[in-house]
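Summary of structural features
Chain by chain, the residues:
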Amino acid sequence: MDERIMTIREMCEAYDVTPRTLRFYEAKELIFPIRDGQKRLFTKRDRARLKLILRGKRFGFSLEEIRQLLDLYHMGDQQLTQLTRTHEVGLERLRSMEQQRDELTEAIEDLKDQLKWAEKVISSLKQTNKAAE
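Being a predicted model, the structure only gives us computed values, none of them experimental.

**Here's the deal with the domain arrangement of the chain**
Split into domains, the chain comes out as domain 1 (1-62) and domain 2 (75-132). Measuring from the centre of the C-alpha atoms in domain 1 to the corresponding centre in domain 2 gives 33 Å.

In structure tokens form, the structure reads like this:
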């Protein structure tokens, strides 16, 4: 499968994406399938780029960030510039994700406390209503 050309259907099945997604990434000039009439044929390079795009999206990178990182591939320095910048952006994203996690953890704890308080009030009100009957 490495050197083989893939159709849009094969790409969709292999990477669990829709044809619309592939056309969108093509329109955004993130992938460059070979056009054969109406057909789109995807090369090994397209598959590698799609893997990086999907990984970047999973980590919360914007399409513009992904494009900039992909464009660094051809710098002629054995990917040193691309990998260095990817590492920098990745560290920034990791810090952001950890901060979001910490904020979410704090919000969860606050909500748990509020729910415990509500349970006590509800229980107390039920006891008061039973006593009043």
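Additional details are given in the paragraphs that follow.
**What to know about the side chain of Arg47**
Its location among the elements puts Arg47 in helix α3 (residues 44-58). A distance of 2.6 Å separates a polar atom in the side chain of Arg47 from the backbone oxygen of Arg4.

**Section: the pattern of salt bridges**
Applying the stated rule across the entire model yields eight salt bridges. When the shortest N-O distance is used, the salt bridge between Arg4 and Glu10 registers 3.2 Å. Looking at Arg4, the relative accessible area reads 38%, which means it is partly exposed. Its salt-bridge partner being Arg85, residue Glu92 comes within 4.0 Å of it at the nearest N-O pair. Given a relative accessible area of 40%, Glu92 falls into the partly exposed group. With a relative accessible area of 33%, Arg85 lands in the partly exposed category. Among the ionic contacts, a cluster of salt bridges with common partners joins Glu26, Arg35 and Arg40.

Definitions and cut-offs
Along each chain, the written sequence defines residue order, and numbers are assigned to residues from 1. Reporting in this predicted model follows two pLDDT cut-offs: at least 70 for local features of residues, and 80 or more for side-chain atom pairs to be given and counted; totals over whole chains, interfaces and linings ignore these cut-offs and use all residues. To get the side-chain values, take all heavy atoms of the structure and skip hydrogens and water. All domain edges in this entry derive from an automatic or database-based domain assignment. Starting at the N terminus, helices and strands are each numbered in turn, a helix being any DSSP run of H or I of at least four residues and a strand any DSSP run of E of at least two. The term polar contact refers here to a pair of N or O atoms within 3.5 Å; inside protein, the definition further demands a hydrogen-donor-capable atom paired with an acceptor-capable atom, and it admits residues adjacent in sequence only when both atoms are side-chain atoms. Salt bridge, as used here, is a side-chain nitrogen of Lys or Arg placed within 4 Å of a carboxyl oxygen of Asp or Glu. The buried label goes to any residue with under 20% of its type's maximum accessible area, the exposed label to any with over 50%, and the partly exposed label to all in between, with areas taken from a 1.4 Å probe on protein chains only.

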